[in-house]
Amino acid sequence: DAKTTQPNSMESNEEEPVHLPCNHSTISGTDYIHWYRQLPSQGPEYVIHGLTSNVNNRMASLAIAEDRKSSTLILHRATLRDAAVYYCIPYAGNMLTFGGGTRLMVKP
Amino acid sequence: EAGVAQSPRYKIIEKRQSVAFWCNPISGHATLYWYQQILGQGPKLLIQFQNNGVVDDSQLPKDRFSAERLKGVDSTLKIQPAKLEDSAVYLCASSLVRDWGYGYTFGSGTRLTVV
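A short tour of the structure in this document, coming up. (Residues numbered from 1 in each chain as written. Chains lettered and ligands numbered in written order. Predicted model: local features only at pLDDT ≥ 70, side-chain atom pairs only at ≥ 80, totals over all residues. Heavy atoms only, no water.)

**Some details on the state of the cysteines**
Definition in use: Note on terminology: disulfide denotes any pair of cysteine sulfur atoms within 2.5 Å. Runs of H or I in DSSP of at least four residues are treated as helices and runs of E of at least two as strands, each being numbered from the N terminus. Note on classification: 1.4 Å probe, protein chains only; a residue is buried when its accessible area is under 20% of the maximum for its type, exposed when over 50%, partly exposed between these limits.
Taken as a whole and assessed by the stated rule, the structure comprises 2 disulfides over all chains. What pairs with Cys 22 of chain A in a disulfide is Cys 88 of chain A, and their sulfur atoms sit 2.1 Å apart. Residues Cys 22 of chain A and Cys 88 of chain A are joined through a disulfide that is left-handed, its torsion about the S-S bond being -75°. You can see Cys 22 of chain A sitting in strand β2 (residues 18-23) and its partner Cys 88 of chain A sitting in strand β8 (residues 84-91), a full 66 residues away along the chain. Like Cys 22 of chain A, the residue Cys 88 of chain A is buried in the burial classification. At a sulfur-sulfur separation of 1.9 Å, the disulfide partner of Cys 23 of chain B is Cys 92 of chain B. Judged by the sign of its S-S torsion, about -70°, the bond between Cys 23 of chain B and Cys 92 of chain B is left-handed.

In structure tokens, the structure reads:
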């Protein structure tokens, strides 16, 4: 499995954009990059995924570097409900392997 | 659609006792996973089922942990005997198609405290 490096924690102000970085320099060419988040006292939930191109959905945007060694999850306007641990996961088609993730704190 | 159901929500036991957790996945989801999440860490996969067969149990401590998925639907995870280091949240997840990394749905978990 590809190893990932994410900041342990980040802080954001409410209503401002947040950029959550992830380094995955050993990712294989066919691994999709998935992002899940875990709200307090809940199981993880899917956020977004992509292979090479940038992706958008109603929750977030995913920007993938051209060399695929890093990616950035973008929350366009953080709300208090976005406070969670965000996991970046290169996925090879067998199982989701979680690292430590980034704990995002949102200040009102 | 209904989510992944897990019970109990909380459990406190003494070390060397046994405990069982139950999971009811989303209807029609063939793949079921059990994860262990120790406080401050990301979830770690313990076992993966495809219908009622085991796909991967390489991370399951088989001397004390066991899991089954009868009839390819509900699943139970058992610990016998429990140790202090088993204190964790046990998460169950299911997915419709095993290869879809975006298709995992997790339950809220069972928080186990071993004293």
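**Quick look at the environment of Gln 59 of chain B**
All names here are of chain B. To keep things clear, this is the line we draw: Contact criterion: two residues are considered in contact whenever any of their non-hydrogen atoms come within 4.5 Å of each other.
Mapped onto the fold, Gln 59 is located in the loop between β6 (53-56) and β7 (65-68). Sequence-wise, Gln 59 and Lys 44 are 15 residues apart; in three dimensions their C-alpha atoms are separated by 8.3 Å. With residues up to four places along the chain from it excluded, the contact list for Gln 59 reads Lys 44, Leu 45 and Leu 46.

**Thoughts on the pairing of strand β5 (residues 44-50) of chain B**
Residue and element names in this part refer to chain B. Our working rule: Following DSSP output, two strands are said to pair if at least two bridges run between them.
Among the 7 residues of β5, 5 are classified as buried, and the element is accordingly described as predominantly covered. Note: strand β4 (residues 31-37) against β5, 6 bridges, orientation antiparallel. The partner of Thr 31 across the bridge, within β5, is Gln 50. The turn linking β4 back onto β5 is made up of 6 residues, and Gly 40 within it adopts a positive phi angle of 85°.

**Some details on the interface of chain B and chain A**
Rules: What gets called buried area is simply the loss in accessible area from a 1.4 Å probe that two parts show on being joined, summed for both. A pair is scored as a salt bridge if a Lys or Arg side-chain nitrogen falls within 4 Å of a carboxyl oxygen belonging to Asp or Glu. Any pair of N or O atoms that falls within 3.5 Å is considered a polar contact. Within protein, one atom must be able to donate a hydrogen and the other to accept it, and sequence-neighbouring residues count only if both atoms are side-chain atoms. Throughout, the ten residues Ala, Val, Leu, Ile, Met, Phe, Trp, Tyr, Cys and Pro are labelled nonpolar, Asp, Glu, Lys and Arg are labelled charged, and all others, Gly among them, are labelled polar.
Opposite the 20 residues of chain B that make contact, chain A presents 17 residues. Taken together, both faces of the contact between chain B and chain A bury some 1,400 Å²; the carbon and sulfur share is 51%. Taken as a group, Tyr 102, Tyr 104 and Phe 106 of chain B account for 32% of the area that chain B buries against chain A, more than any other trio of residues on that side. Applying the counting criterion to the chain B and chain A interface returns 0 salt bridges. Remark: the boundary between chain B and chain A carries 7 residue pairs in polar contact (both at pLDDT 80 or more). Sorting the residues of the side of chain B that touches chain A by element identifies β4 and β5 of chain B as the ones contributing at least two each. A per-class count over the side of chain B that touches chain A returns 8 nonpolar, 8 polar and 4 charged.

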